[in-house]
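Chains, contacts and geometry: an overview
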Amino acid sequence: HPEPPRSAAEGTPAPTRFPSLAPATVPSPTSTARTGPAPQTTVAVRRDLAAVTTWALQLQNIALAELRAASFDLLVIEPYRDESQRWSSADIAALTASGKIVLAYLSIGEAEDYRPYWQMAWDADRDGQPDSGAPAWLDGVNPDWPGNYKVHYWDPDWQAVIAPYLDAIVQDGYAGVYLDIVDGYWYYFEQGRAAAPKEMV
C-alpha cells in the first residue's frame with residue numbers, strides 16, 4: 001500500500017556501490033521461450049541484492065532527478081507516473097545507471113480502483129461491495145485502505161488481468177518487482193480456505 005519512502009538501514013555506513021545492471025532481455029508475452037532459463041541479468045541482480053544496505057520505497061510524488069541523486073542502493077517505485085502512463089524504459093535505465101537496483105511496485109493480493117484495469121461499474125454505488133456486473137474474482141473493499149478490494153488471487157481471470165502489468169514491468173527494464181499483499185492469503189485462510197497459502201505461492 002502507498003506509504004512514505006523509508007530506509008531499511010538508517011544510520012548505517014555509506015553503502016558500497018556496485019556496477020549498473022543492464023535491463024534483462026525478455027521474450028515477448030506470446031513467446032514460448034518465457035518458460036526457459038532465466039536471463040543472466042537475473043543472476044546479477046540476486047548477487048547484488050546481498051550488497052544492499054539502504055533502500056527506499058517511493059509511490060507518490062516521484063521526482064526522478066532526486067531519486068537518481070539519492071544514495072540508496074535499491075529503489076521500489078510506482079511504475080505509473082499518472083493513472084494511465086508508465087515511466088518510460090529510458091527513465092528506468094537512467095535510474096539504473098545511477099547505480100541502483102530498481103524494482104516496480106505491483107499489488108497482486110488486492111485490486112486498486114485507480115488502476116487502468118478498474119471499471120467503475122464494478123462498485124458503482126461505492127459501498128465497498130462488488131456490484132452485480134463485477135467479475136467473480138472481486139471481493140469486498142479493505143476497510144483499512146479505501147479503494148483497495150480483496151481479490152481471489154487464485155482465480156485465473158484475476159491473474160489474466162494482472163499478468164500484463166508484470167510483463168510491462170519486465171519490458172520497461174526494472175530489475176524486479178515488489179509484490180504487495182502477498183499476505184492476503186491470511187484473510188481467506190481464516191475464512192476456511194485451507195489451500196490459500198499454497199495458492200498464493
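For the structure itself, look to the data block above.
Described below are features of the structure shown in this document. Quantities reported herein were computed from a predicted structural model and do not represent experimental measurements.

Let's talk about the nonpolar core
Grouped together as the largest cluster of nonpolar side chains are 33 residues, with contacts concentrated most on Ile-77, Ala-111, Tyr-117, Leu-138, Tyr-153, Trp-158 and Tyr-174. Elements that contribute at least two residues to this core include exactly helix H2 (64–69), strand E2 (74–77), helix H3 (89–97), strand E3 (101–107), strand E6 (148–151), helix H4 (156–171) and helix H6 (196–200). Looking at this core element by element, the count peaks at 4 residues for H4. Listed in part, the 9 residues of the second largest apolar core include Leu-57, Leu-74, Val-76 and Leu-103.

Observations regarding the environment of Val-102
Examined against the element boundaries, Val-102 turns out to sit in strand E3. C-alpha of Val-102 to C-alpha of Val-177: the two residues are 75 residues apart in sequence and 8.5 Å apart in space. Setting aside its immediate chain neighbours within four residues, Val-102 contacts Leu-75, Ile-77, Ile-92, Leu-95, Thr-96, Tyr-174, Ala-175 and Gly-176.

What to know about the pairing of E6
Along E6, one buried face is formed by Asn-148 and Lys-150 and the opposite face, lined by Tyr-149 and Val-151, is buried too. As paired strands, strand E4 (residues 110–112) and E6 are joined by 3 bridges and run antiparallel to one another. The partner of Glu-112 across the bridge, within E6, is Asn-148. Bridge analysis of strand E5 (residues 138–141) against E6 gives 2 bridges, and the strand direction is antiparallel. Across the sheet, Leu-138 pairs through a bridge with Val-151, a residue of E6. Hairpin connection, E5 to E6: the antiparallel pair is bridged by 6 residues, and Gly-147 has positive phi, about 95°.

The rules behind the values
- Residues numbered from 1 in each chain as written.
- Predicted model: local features only at pLDDT ≥ 70, side-chain atom pairs only at ≥ 80, totals over all residues.
- Heavy atoms only, no water.
- Core = buried A, V, L, I, M, F, W, Y, C linked by side-chain atoms within 4.5 Å.
- Buried < 20%, exposed > 50% of the residue type's maximum accessible area, 1.4 Å probe, protein only.
- Helix = DSSP H or I, 4+ residues; strand = E, 2+ residues; numbered from the N terminus.
- Contact = heavy atoms within 4.5 Å.
- Pairing = 2+ DSSP bridges.

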